[in-house]
Amino acid sequence: MAELQRPTLCCCRKVLTVPSKSCEGGRTLGQCRLVDIASASNFHSFKLRHFHLDLHLNFALKRMTGWQVLELVPIQPGVQTLVLDTHPSLHIHSIDCKVPGTAGSPDIFLSLTYRVDPFTDYGSSLNISLPASVIRPHRAFQITIRYTTTDGPAIWWLDAELTCGQTRPLVFTQGHSVCNRSFFPCFDTPAVKSTYSATVRVPEGVTVLMSASRSAYSKQDRVFQFSMEFPVPAYLVALVAGDLQHADIGPRSRVWAEPCILTCAVSKLGGSVERWLAVAEGLFGPYVWGRYDIVFLPPSFPIVAMENPCLTFIISSILESREFLLIDVIHEIAHGWFGNAVTNATWEEMWLSEGLATYAQRRITTEAYGEAFTCLETVFRLDALHRQMRLLGDNNPVSKLQAKFEPGVNPSSLMNLFTYEKGFCFVSYLSQLCGDIKRFDSFLRAYIEKFKFSSVVAQDLLDFFLGFFPELKENCASQREGLEFERWLNDCGPPLFEPDLSAGGVLTGPVQRLCELWGTDAPDAQAITTFDLSTWSTFQTVLFLDRLLDRSPLPHEVMSQLSHSYSALLDGMNAEVRIRWLQIVVRNSFYPDLPRVRSFLLKHTSRMYTVPLYEDLCGGVMKCFAVEVFYQTQARLHPNLRRTLQQILFQTSAGTTMSTVSALPCTSSPTLDASPVLAPPVLAPPTTGPHTRRPPGERDHCAARRQRFRVTPIAWGRGGCDHCDRGRCC
C-alpha cells in the first residue's frame, strides 16, 4: 500500500509532494522554476551575459548620471518585453537597443518604448518593449539605458561634516538586499549572476573604489575603470568615492580609509588578513576573487560590514573593538566562499549564505585562535539568539530558516539572528552527523567546487550532502525523529541542536561565576574583587554585561555597587563594552552615571551605538534626557539616522513624525536636510527623586521593539534586537 502523501512548499514556492516518512530528498532547483517575489523582473526569460556602467558623480548636486549597457540573450520564445527592477529615485532618460547585424550587415540601432510601473515600497518595474527583430532565441542583443539617480536607498551621499576627516564629501553604495535597483536598473535577485565593468568620472581629488577584480585610473581625465571578471549578483556591485588613501597589509590585501584613520586601521589589522585568508584556503579551497581589500567607512555606514567581492566595506567605528573587528573581518572573508562564490538563490533562504559563513568563520577562528576563543564567541552569540527568542516568542515565523514572506515585504526585514545562528546550528548538526569535522571540511570544499559562481536553494545543499555521505542517506539521516531536515528548515523556534561548547569553559566559567555573585540581593564584595575585568577579553566582558542586562532591573543597592566596582574601569574600554554598561545604567534609571550616557552619545554617531541607547531611554523614564541629547547631536547625524531617532523619540512612523508631535514647541534650527526640526521640550527633573524605579505596569525595555516588529517588519541586522547584537554585519 502506498504511503500517505502530504503537500508542502519547496523553497522556491512550488507545491511538491513529499512522503511523510520517507528518507528520500526533495526536488532540486532544476526541477521546479524559481520564484523571487522580491523582484519584478522577468529574469527567467533572458540570460544576462554582462553589463557596463558609465557614470559621472556630481557631489554638489548629489547625483550620478550616465548610462548602462546590458548584453542579453533571450532564452524563452515569444517574450516581447524585458522587465527590470528599478526605483522611483532613478530617472530614465532614454532606452536604445543594438542588434548585431548578420552576414556582414551593419548593426541595427533602435529607440525603444518603455514604462515604469509601481511594484513595492522598495522598488518599481521598468517594462521595455522589444521589437520582433530583437527577440530571437539565443541571439545576443544590447540595451542602453541612460539615466540619473539621486538619493535612493542604495546611495548614501555624505557631506564633509559627516565623514571621519570632515574635509571632503563622500559617497558609498549599499546594495543588500534589494537596494541596488536604485543604483542601476537590473535583475535585482540573487538568482542572477553576471560579470560587469564600469567607467566612473569624478572631480579632482576623489578616489573611486568598486567591488571589482581589476581597476585602472587616468589621472589626466579623472576617470576610473573597473571590471569584475567573475559573475556576481546585482546586490554585490558596490562603489565608494571620496578622500581615500591606501596601505598594503599583505601580498593581496590593502586597507583603504580616509587619511585621518588609515594608520589606526593598518595597526589594528597588520599582517592578520593574509593569515586568515591562508587558513580559510586550507579549509575551503582557493580564494577565487584575487584581491581582498578593505575600505573603512564613516560612522554613517548603516551596518557593520558588507562582503562586497574583492572589497569589504566596514564601519570605522569598529576599530575601537579589536576582537569584534577580528570576527567581523573573518566573517566577511568567509563570505568569499559562502555567499559570494555560492549564493542563496532567493532572500527567503539567506541562511545558505549567512549560516554557512558563520560556520566557516568559526572554523577559521578555531584554527587561528583555538577552540576556547571560538566557543566563547559562540556562547555570546547564542545567548543573543535565545534573548531574541524570548523577545519574539517561539512561534514567530521570522525564526524559520526558510522564512516565507509575502509580496511587498522588504527582504531586509528577514535579516535577523536566526539567519546566522540557527543557520550555524543546522550546519553544525550536519557536521556532527558525518562524525568527523575534517570530513565535513572536505564536503564544504567539494560543495564550493560544485556550485561555484552559481546560486542555490537549500535542497541543492542537502542533496549534495547526502550524495557526499551515502551512508547517511542509507540510514535516513535526514528523517531522524525530532531532527528532520524539513523541520530544521520550516519550523519556528530555537535550533533543534546546539554544538558542544564546553571547550570554552575556561573563558565562560569565570563570567558565569561572577554573574552568580551579582545575582544575589547582597553580593559578596570580597569574592567579587577576586575577578579582575581588566584582564578579561572583550567577549568575556560583553558576555558578563549582557547577562546583567538580562537581569535588569536590578536593586538600587546592587547598581550602586556595580557602578562603584566597574564604572571607572569600563570608561577606558572600547565602545562595545561601554554601550552595554550604559544600557544597564539606563534600564535601571541609575542617574549618577547618566553623564556617561551623554558623553557617549556626544561622541558616537553610528546607528549601532545610538539607536539602542535611545530606545532604552525612551522605553524607561528618561525620554526628556534623550530629547535633550538628540538636539545637541542631530547636526552630526546622517539624515536617515536622524529620522529613525525622531521616530523613536516621538513614537511615530516615518510619514507622521511631524504631525504627531506638533503640540511640542517648535523653533527653526539649522539641519542637514530640508525636513523641519523640533525644538526640544523643557527637561524636567525626575518626579520622585534620583532613583526612580520603573512604575508598575510600564512596558519593559524591549516592548516598543516587539510591538513595532509585529506591526511593521524592520531590519534587525545580524543581531536582531539591538541589545542582542546591534546589526553586526552581512
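See the structure shown above.
The following refers to the structure shown.

Cut-off values and rules
- Residues numbered from 1 in each chain as written.
- Predicted model: local features only at pLDDT ≥ 70, side-chain atom pairs only at ≥ 80, totals over all residues.
- Heavy atoms only, no water.
- Helix = DSSP H or I, 4+ residues; strand = E, 2+ residues; numbered from the N terminus.
- Buried < 20%, exposed > 50% of the residue type's maximum accessible area, 1.4 Å probe, protein only.
- Areas by Shrake-Rupley, 256 points an atom, 1.4 Å probe, with all protein chains shown as cover.
- Pairing = 2+ DSSP bridges.
- Axes fitted to C-alpha atoms, helices over the stretch in contact; angles between N-to-C directions.
- Arc of directions from axis to C-beta.
- Contact = heavy atoms within 4.5 Å.
- Polar contact = N/O pair within 3.5 Å; in protein donor to acceptor, adjacent residues only side chain to side chain.

## Digging into the overall build of the protein
Thinking step 1. Within the protein, the secondary structure is distributed over 22 helices and 24 strands.
Thinking step 2. Classification of the 730 residues of the protein by burial places 59% in the buried group.
Thinking step 3. Surface accessibility of the protein: about 27,600 Å² in total, with carbon and sulfur atoms responsible for 54%.

## Quick word on the sheet that holds strand β19 (residues 253–257)
Thinking step 1. Strands sit in the order β18-β19-β20-β22-β21 across an open sheet of five strands; the sheet is mixed. The strands lining the two open edges of the sheet, one partner per strand, are β18 (245–250) and β21 (305–306).
Thinking step 2. Taken together, the two bridges between β19 and strand β20 (residues 293–297) define a ladder with parallel strand orientation. Opposite V255, over in β20, you have I294 as the bridge partner.

## Some words on the sheet that holds strand β9 (residues 123–129)
Thinking step 1. Spatially, three strands are ordered β5-β9-β8 in an open sheet, and the strand pairing comes out antiparallel. Because the sheet does not close on itself, it has two edges, and the strands there are β5 (81–86) and β8 (114–120). Neighbouring strand axes in the sheet, compared pairwise and without regard to direction, differ in orientation by 25° on average.
Thinking step 2. Here β8 runs beside β9; their pairing, made up of six bridges, is antiparallel. Among the inter-strand pairings, T120 is bridged to a residue of β9, identified as G123.

## Side note on helix α1 (residues 259–269)
Thinking step 1. When we look at burial in α1, the residues that qualify are I261, L262, A265 and L269. Around the axis of α1, the buried residues are gathered within 125° of arc, so they sit on the same side.
Thinking step 2. Elements in contact with the buried residues of α1: β18, β19, α2 (272–284), β20 and α3 (322–335).
Thinking step 3. Positive backbone phi, approximately 50°, marks G270, located one or two places after α1.

## A closer look at the environment of L297
Thinking step 1. Within the secondary structure, L297 sits in strand β20.
Thinking step 2. Note on L297: relative accessible area 0%, which makes it buried.
Thinking step 3. In sequence terms L297 and F313 are 16 residues apart; their C-alpha atoms lie 6.9 Å from each other.
Thinking step 4. Not counting residues up to four positions away in its chain, the partners in contact with L297 are F172, V240, F313, I314, I315 and S316.

## Concerning the side chain of T199
Thinking step 1. Tracing the backbone shows T199 in strand β13 (residues 194–201).
Thinking step 2. A relative accessible area of 5% places T199 in the buried class.
Thinking step 3. Within the structure, the side chain of T199 is placed 2.8 Å from the side chain of Q225, a separation counted as a polar contact.
Thinking step 4. Not counting chain neighbours up to four residues away, the residues in contact with T199 comprise H52, L53, D54, L55, V223, F224 and Q225.

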